[in-house]
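These are the residues of each chain, in order.
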Amino acid sequence: MKAIVQDRYGPPDTLTLAEVDTPVPAPGEVLVRVEAAALNAYDWHAMRGDPRLARLAMGRSRPRARIRGRDFAGRVEAVGADVRQVRPGDAVFGDLGEANGAFAEYVCVPETLVAAQPANLTPQQAAALPLAGITALLGLRDAGRVRPGQRVLVNGASGGVGTLAVQLATVFGATVTGVCSTRNVDLVRSLGADHVVDYTRDDFTRDAGRHDVVLDLVGNRSLTALRRALTPTGTLVLSGGGVYGGGSLVGPVWLIARGRLLAPFVRHRIVTLAAAPGRQHLDTLRAYAEAGRLTPVIDRTYPLHEVPRAIRYLEGEHARAKVVITV
C-alpha cells in the first residue's frame, strides 16, 4: 500500500510517499480502507519533533511511529479475532492516538477507537471530527464544566478545534465569544458565536469582559493575561496550541506547566486538557453531527501524495478550520 512515511525529524520535505506492507489486523483490531484523513497541529509537532522535550515520548533520534497521521474515516476491510461491534463494510471514523498511521491507504486500529461515521457527513467531514472534536468536547464539557447561561470565550475560534468548540459551547447553552483574526470574523459568527473579537484590533484579555470559562487553544498569552478575562471564580482550560516558530525546547508545555503550579494558589480553576481517543466520545460527536448541531468546516483538501504541502500550509498559520487529505 501507499503511505506517507518519515525516518527523521524535520520539515515537510522529510515526508515521502512510499510503498509499505499492508497491515494485518491483530485480535481486537480492524483493518480500515482509508478514504480521508485530517491534519492536526499534532502532526507537525510529531513531524518536527517539536518541542524537543516531547521527543522523550515520540522518539529521541527519530519518530517511533513511521507513518504520520491520526484522524481518519473509511470502510472496514477485515476484522481480527474477538472483534464484536464492527463488521467488514462498515463506514467508520476514529483517532489512532500517538500510534499514528492515518496517512495511508489502509490502517489497523483497535476496535475501541472507531465508531460509525455520522450518516449525514461525507468521509472528509467525518475525518475532520475525531481529535479536534474530542478536544473541544472534553475541554468544554469535562474540564470547563460549561453550563447553560455561562459566558464562554474560545481563543483560537477559527482553528480546527476552535470551530467545533464554538458550536459545542452553543449546544451547551453558553453565550459564546470567539477570538480570531479579521478574515475569520464572519466564519466564527456563522458558527454561532454571540460575540467575535478580532485580535488584530482588540485585546480580549482587557476589552471583552469577564467570562466563566476561557478555552485557550493558542498558548500565546500569559497566565496573568488569560486570568484577566475570567470572572473571580472562572475556569481557564489550557490546551496547548501554537504554530511553528523555528523550534523550541518546551513550547506550549511551559504555559501548561506554569498553570499546574499556579492552580492550587488562586481562586480561578486552572485545568490542563489531555484529550484521549475513544469510541464513547466519537459516539457523542456523531450524535451532535446527526442532529445538525455540529458540522466540521473544511478549509482545503489535498491528495495523499501532497501531504507535505498540506502540512506546510497548516503549520504556517494560514489554515483555518480543518485541512483534509483524500486517499
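Whatever comes next refers back to the structure up there.
Residues numbered from 1 in each chain as written. Predicted model: local features only at pLDDT ≥ 70, side-chain atom pairs only at ≥ 80, totals over all residues. Heavy atoms only, no water.

Would you mind showing me how to read the pairing of strand 5 (residues 91-95) here?
A regular strand carries its side chains on alternate faces of the sheet. Counting buried positions over the five residues of strand 5 gives four, a clear majority of the element. In the sheet, strand 4 (residues 71-79) pairs with strand 5 via five bridges, with the strands oriented antiparallel. Bridging from a neighbouring strand, R75 pairs with A91 of strand 5. With three bridges joining them, strand 5 and strand 7 (residues 114-116) adopt antiparallel strand pairing. Its bridge partner being in strand 7, G94 is matched across the sheet by V114. (Buried < 20%, exposed > 50% of the residue type's maximum accessible area, 1.4 Å probe, protein only. Helix = DSSP H or I, 4+ residues; strand = E, 2+ residues; numbered from the N terminus. Pairing = 2+ DSSP bridges.)

Explain the packing of aromatic side chains to me, please; I cannot follow it from the model alone.
In this description, an aromatic ring pair is defined by two values, namely the gap between the centres and the angle between the planes. All chains considered together, the criterion is met by one aromatic pair. When the centroid spacing of 6.3 Å and the interplanar angle of 70° are considered together, the rings of F172 and Y288 count as edge-to-face. With F172 in the loop between helix 5 (160-171) and strand 9 (175-180) and Y288 in helix 10 (residues 279-290), this pair connects stretches of sequence that are 116 residues apart. The two residues F172 and Y288 agree in class, both being buried. Between R33 and the ring centre of Y106, over which it is positioned, the NZ or CZ distance is 5.5 Å. (Phe/Tyr/Trp six-rings, centres within 6.5 Å; stacked < 30°, edge-to-face > 60°. Lys NZ or Arg CZ within 6 Å of the ring centre and 35° of its normal.)

It is not clear to me how the environment of G80 should be interpreted in this structure. Could you clarify?
The topology assignment puts G80 in the loop between strand 4 and strand 5. On the basis of relative accessible area, G80 is assigned to the buried category, the value being 12%. Discounting residues that sit within four places of it in the chain, G80 has contacts with P25, A26, P27, G28 and E29. (Contact = heavy atoms within 4.5 Å.)

Any chance you could explain the environment of A3 here in plain terms?
By secondary structure assignment, the location of A3 is in strand 1 (residues 2-5). Residue classification places A3 among the buried positions, given a relative accessible area of 0%. The spacing of A3 and A37 is 34 residues in sequence and 12 Å in space, taken between C-alpha atoms.

Purely geometric numbers; function is a separate question.
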